[in-house]
Amino acid sequence: MVSGKVKVTNTKGIHLRLASELVKAASKFRSNIMISRDKEEINAKSILGVASLGAEFGTELTLKIEGEDERDALNVLMRLFEDNFSRGEDS
Amino acid sequence: MSKDKVKKREMVFNGIPAAPGIAFGEAFVVNVEELPVFTDIIEEDEIEGEVGRLQDALTQTEKELSVLHETLGESMGEEHAKILDSHLMMIADEFMKKETIQLIKSEKLNAAFAFSRVIDKTLRTFDQMEDQYLKERAGDIRDVKRRVIRNLLGQKVEGLANLRKQAIVVAKNLTPCDTVGFNKKYVLAFVSDMGGSTSHAAIIARSMGIPAVVGVNEFSVKAKPYDQIIVDGITGQVVLNPTPKTVALYREAQVKFQEMERELLTLKDYPAVTLDGRKIELSANIEIDEEIDDVISHGAKGIGLFRTEYFFMTRGTLPGEEEQYRYYSNVLKRVAPDPVIIRTLDIGGDKIASWVDDSVETNPFMGWRGIRFTLSRKDIFRTQLRAIFRAAVHGEARIMFPMVSVVDEVRQAMTICREVKQDLKKERYQIGENVEIGIMIETPSAVAIADLLAKEVDFFSIGSNDLVQYALAVDRGNSRISYLYNPLHPSIIRLIRDTVQAAHQNGIWVGLCGEMVADARVRGTLLLIGVGLDEFSASAYLIPEIKQIIRSVTYDETRLLVKNALVLSTATEVQDMLDEYLRDKRPELMDFVPKGPV
């Protein structure tokens, strides 16, 4: 299992459209991918789960990934957060 | 064509004309009622069936959404299509599905109930969110839930998205949700059983430039799919199964209407100036941003009344600041450099919104509405004002408070405006600095103290509908006394004259944004020019007509008409005096005399 911490850099937080991008990216991997915020933990491949995190700007999230392609998955998802889902400052 | 030889009998229905024009076509009856979810527990041997039904409903919903997705890209823009994209993903959410199936199996819940439980659990987490923008996304999840439940309950839905050829859309009532995703080119006209001239069907129709008649009692029950229909949005008549003779009559009327429309639209780029050079601002009333194109094509300069309650009421939840900010910004940008007068929430009276309060007032028109409502719900008021001041950087925004009856209300509202501006500056938001703030003049008390109110604000806009109702103490909807509702009554002319005088003596401008022009047409327009109104605001389709009237007369002669009207005793005398003038001096304007009374 690998894990990493990310921060939400989108000013509007992870709204539905970002959530769907995140789910799309996560679903490309075979590994089991969980995202946790405080005590809550959800599956990154569930849009309802991701949306219900209510992760606003600045929220810290932890990714926990387990499976054959865990390394790649962690890299891709961390990068997604780091460059704000390839968006500029906003939207 | 059906085989049976029995000829269907022609039937004529009367409703409220909500958007002008005449249309011929087949009925497309829309069924959009929502069904409740039952909490039945199922038997062991029904489990498999329920799981199958869940699967079918999800597949069906996915199909519906995919159709919407395709149509939306074209008719409503990419933004909406992206939202649907996330709706599609929700349907495909394996975890949601697993959890629902789990509930069906372990607790023996029926599929609709199990699905509701799963979604409601997610929705509860949204309730607890602090971030307003993220919280507002719950609306999307509710939307998806509604679709799936509808399909689970096996209701055959003739959604508008299924429209594949040109037809007249007939419905009991049409909500914004129902009209998302239909292909505009297939809709010839709307007819609905319920609603008034500001109902959704009416607004959509006006924005699309197609006719609509609303409030046609039980029409959606009487009209069967593929029945032939004529819709007359000018008189409010709807003819079911018309005879060839009737069709011919309406064809003639249609040609005449179209000719007049074409002629009036040629005035689009001309200014609204009287023959002796008095310039009048001509702007339009709108309820939704989709009406803007229509406003521009009809040659209005700006928006004289942007009703915001529509945006609030159609969503089921309160729109947050960000959402409002984006909505107002978009309107302001599109109308700039012309002004947009945004009226703060005017809820209550005839438009009680379910999310505010369930209590029923015995006398809503004299009740908790307009500025009275917003001053007691300062949270809602502040959010709206914040959004407007922020949006004001994108265009020429003006703010208007409805239903003012005393000076204290204006002062309180002004104080809140100042506070909101200070807060926004502290939070480092860019805001519009010189936003004019005005009030509606629609209560007789506001007219009586117009000179005092004028010292507090930047402008007045007379709301003639309510002013007529309050001044003559008449409920327009009560057929026993509705004859009293007459904007040409001497009392109304005097009230308007007094308002204009008070405004001008105090150096502020004054407009009118009611339906007086729609009701009294040329007669009302002449008097309004004559009292010295600075601005007219009306439904977009009336703009060319008003402009034509303004351009055909002199300010001096209309002033004389007002002077004459002020010494007459009855509405009939005023009407006769105006008609005589029209016949003798301006026969070319006789086309704009309304057919019936008023």
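Residues numbered from 1 in each chain as written. Chains lettered and ligands numbered in written order. Predicted model: local features only at pLDDT ≥ 70, side-chain atom pairs only at ≥ 80, totals over all residues.

Caption draft 1: The overall build of chain A, seen in detail. Regarding its fold elements, chain A presents three helices and four strands. The buried share of chain A, reckoned over its 91 residues, is 42%. Of the contacts made within chain A by residues no fewer than 6 positions apart, 71% connect residues no fewer than 24 positions apart. (Helix = DSSP H or I, 4+ residues; strand = E, 2+ residues; numbered from the N terminus. Buried ≥ 20, exposed ≤ 12 C-beta atoms within 10 Å, placed from the backbone. Contact = placed C-beta atoms within 7 Å.)

Caption draft 2: Up close: the overall build of chain B. Along its length, chain B carries 23 helices and 16 strands. Taken across its 598 residues, chain B has 44% of its residues classed as buried. Considering only residue pairs separated by 6 or more positions, chain B has 70% of its internal contacts joining residues 24 or more positions apart.

Caption draft 3: Seen up close, the sheet that holds strand β3 (residues 40-43) of chain A. All names here are of chain A. If you walk across this open sheet you meet the four strands as β1-β4-β2-β3, and the pairing is antiparallel. Every other strand in the sheet has two partners, leaving β1 (2-7) and β3 as the edge strands with one partner each. With strand direction ignored, the average angle separating the axes of adjacent strands in the sheet is 25°. (Pairing = 2+ DSSP bridges. Axes fitted to C-alpha atoms, helices over the stretch in contact; angles between N-to-C directions.)

Caption draft 4: Spatial organisation of the pairing of strand β11 (residues 339-343) of chain B. Residues and elements named next belong to chain B. Counting buried residues in β11 gives five out of five residues, a clear majority hidden from the surface. Burial along β11 is two-sided: P339, I341 and R343 facing one way and V340 and I342 facing the other are all buried. As defined by bridge partners, strand β10 (residues 303-307) adjoins β11 across three bridges and the pair is classed as parallel. Note that in β11 the partner of R307 across the bridge is R343. As defined by bridge partners, β11 adjoins strand β12 (residues 396-401) across five bridges and the pair is classed as parallel. Following the sheet pairing, I341 is matched in β12 by R398.

Caption draft 5: Main features of the sheet that holds strand β1 (residues 11-14) of chain B. Residues and elements named next belong to chain B. If you walk across this open sheet you meet the eight strands as β1-β8-β7-β3-β4-β5-β6-β2, and the pairing is mixed. Here the strands that pair on one side only, and so sit at the sheet edges, are β1 and β2 (16-19). Along the sheet, successive strands turn relative to each other by an average axial angle of 30°, direction set aside. Of the strand pairs in this sheet, strand β3 (residues 22-30) and strand β4 (residues 167-171) are connected by four bridges, and their pairing is parallel. Bridge pairing links F28 to V169 in β4. In the packing of helix α9 (residues 244-265) onto the sheet, contacts are made with β3, β7 (228-232) and β8 (237-240), and the angle to β3 comes to roughly 115°.

Caption draft 6: Local environment of helix α15 (residues 407-426) of chain B. Residue and element names in this part refer to chain B. Between its terminal C-alpha atoms α15 stretches 29 Å, which fits the 28 Å expected from 20 residues at 1.5 Å a residue. Inspection of α15 places E409, V410, A413, C417 and V420 among the buried residues, and these make up the whole buried set. Burial along α15 is one-sided: seen end-on, the buried residues are contained in an arc of 95°. Pointing more than 90 degrees away from the buried face of α15 are the exposed residues D408, R411, T415, R418, Q422 and K426. In this structure, the buried residues of α15 make contact with α13 (370-376), α14 (378-391), β12, β13 (436-441) and α17 (450-454). (Expected span 1.5 Å × (residues − 1). Arc of directions from axis to C-beta.)

Caption draft 7: Local environment of the environment of B:G320. Residues and elements named next belong to chain B. Counting through the fold element by element, G320 comes out in the loop between α11 (309-313) and α12 (321-335). Once the C-alpha coordinates of G320 and K135 are considered, the two residues, 185 residues apart in sequence, prove to be 8.9 Å apart. If we ignore the near neighbours within four places in the chain, the residues touching G320 are Q132, Y133, E136 and T383.

Caption draft 8: Structural view of the nonpolar core. With 92 residues, the main nonpolar core has B:I388 and B:I439 as its most contacted residues. Top contributing element to this core by residue count: helix α20 (residues 516-530) of chain B, with nine residues. Filtering out sequence-adjacent residues up to four positions away, B:I439 remains in contact with B:M400, B:F401, B:V404, B:V410, B:L453, B:V457 and B:F460. By size, the runner-up hydrophobic cluster in this structure holds 50 residues, among which are A:V23, A:A44, B:F115 and B:I149. (Core = buried A, V, L, I, M, F, W, Y, C linked by C-beta atoms within 7 Å.)

Caption draft 9: Quick look at the packing of α14(B) against α15(B). Residues and elements named next belong to chain B. Relative to each other, α14 and α15 sit at 60°, their axes nearing to 10 Å. By the criterion of interaxial angle, the relationship of α14 to α15 is oblique. Seen along the crossing, α14 lies across α15 with a hand that is right-handed. Packed against α14, whose contacting residues are K378, F381, R382, L385, R386, F389 and R390, the element α15 presents I416, C417, V420, K421 and L424 at the interface. Of the residues in the contact of α14 with α15, the class split is seven nonpolar, no polar and five charged. (Parallel < 35°, antiparallel > 145°, perpendicular 65-115°, else oblique. Left-handed = near helix turned anticlockwise from the far one by under 90°. Nonpolar A, V, L, I, M, F, W, Y, C, P; charged D, E, K, R; others polar.)

Caption draft 10: Representation of the interface of chain B and chain A. Taken together, the contact between chain B and chain A spans 17 residues of the former and 17 residues of the latter. Elements represented by at least two residues in the side of chain B that touches chain A include exactly α2 (78-91), α3 (94-107), α4 (111-127) and α5 (132-136) of chain B. Per-element tally for the side of chain B that touches chain A: the top contributor is α2(B), with five residues. Its residues placed into classes, the side of chain B that touches chain A shows eight nonpolar, three polar and six charged.

Caption draft 11: Examining unusual backbone geometry more closely. All names here are of chain B. In this model, A336 is joined to P337 through a cis peptide bond whose omega is 5°. Among the structural elements, P337 can be located in the loop between α12 and β11. Positive phi, normally seen in glycine, also occurs at A473, with a value near 50°. Of the residues examined, A473 has 9 C-beta atoms within 10 Å and is grouped as exposed.

Caption draft 12: Seen up close, the environment of B:K421. Residues and elements named next belong to chain B. Along the chain, K421 turns up in helix α15. Separated by 32 residues in the primary sequence, K421 and F389 place their C-alpha atoms 7.2 Å from one another. Sequence-distant contacts of K421, defined by excluding residues within four places in its chain, comprise F389 and I431.

Caption draft 13: View of α14(B). Residues and elements named next belong to chain B. Taking 1.5 Å as the rise per residue, α14 with 14 residues should run 20 Å; its terminal C-alpha atoms sit 19 Å apart, in good agreement. Extensive coverage of α14 is indicated by the burial of 10 of its 14 residues. Residues of α14 that are buried include every one of F381, T383, Q384, L385, R386, A387, I388, F389, R390 and A391, and no others. Check the buried side of α14 and you find it contacts α12, β11, α13, β12 and α15.

Caption draft 14: Structural detail: the confidence of the model for chain B. Of all residues in chain B, 87% attain a pLDDT of 70 or more, and the chain-wide mean is 85. A low-confidence stretch, residues 349-359 of chain B stays under pLDDT 50, and its non-local contacts, those more than four residues away or across chains, total 14 contacts. (pLDDT = per-residue confidence, 0-100.)

Caption draft 15: Structural context of the environment of B:L560. Residues and elements named next belong to chain B. Counting through the fold element by element, L560 comes out in helix α22 (residues 555-565). With 13 C-beta atoms counted inside 10 Å, the residue L560 sits in the partly exposed group. For the pair L560 and V531, spaced 29 residues apart in sequence, the C-alpha separation works out to 9.6 Å.

Caption draft 16: Representation of the packing of α3(B) against α4(B) in the model. All names here are of chain B. With their axes 9 Å apart at the nearest point, α3 and α4 run at an angle of 130° to one another. Classified by the interaxial angle, the pair formed by α3 and α4 is oblique. As for how α3 packs across α4, the hand of that crossing is right-handed. Residues M96, E99, T100, L103 and I104 of α3 form the contact with α4, whose participating residues are A111, A114, F115, R117 and V118. Of the residues assigned to the contact of α3 with α4, the class counts are seven nonpolar, one polar and two charged.

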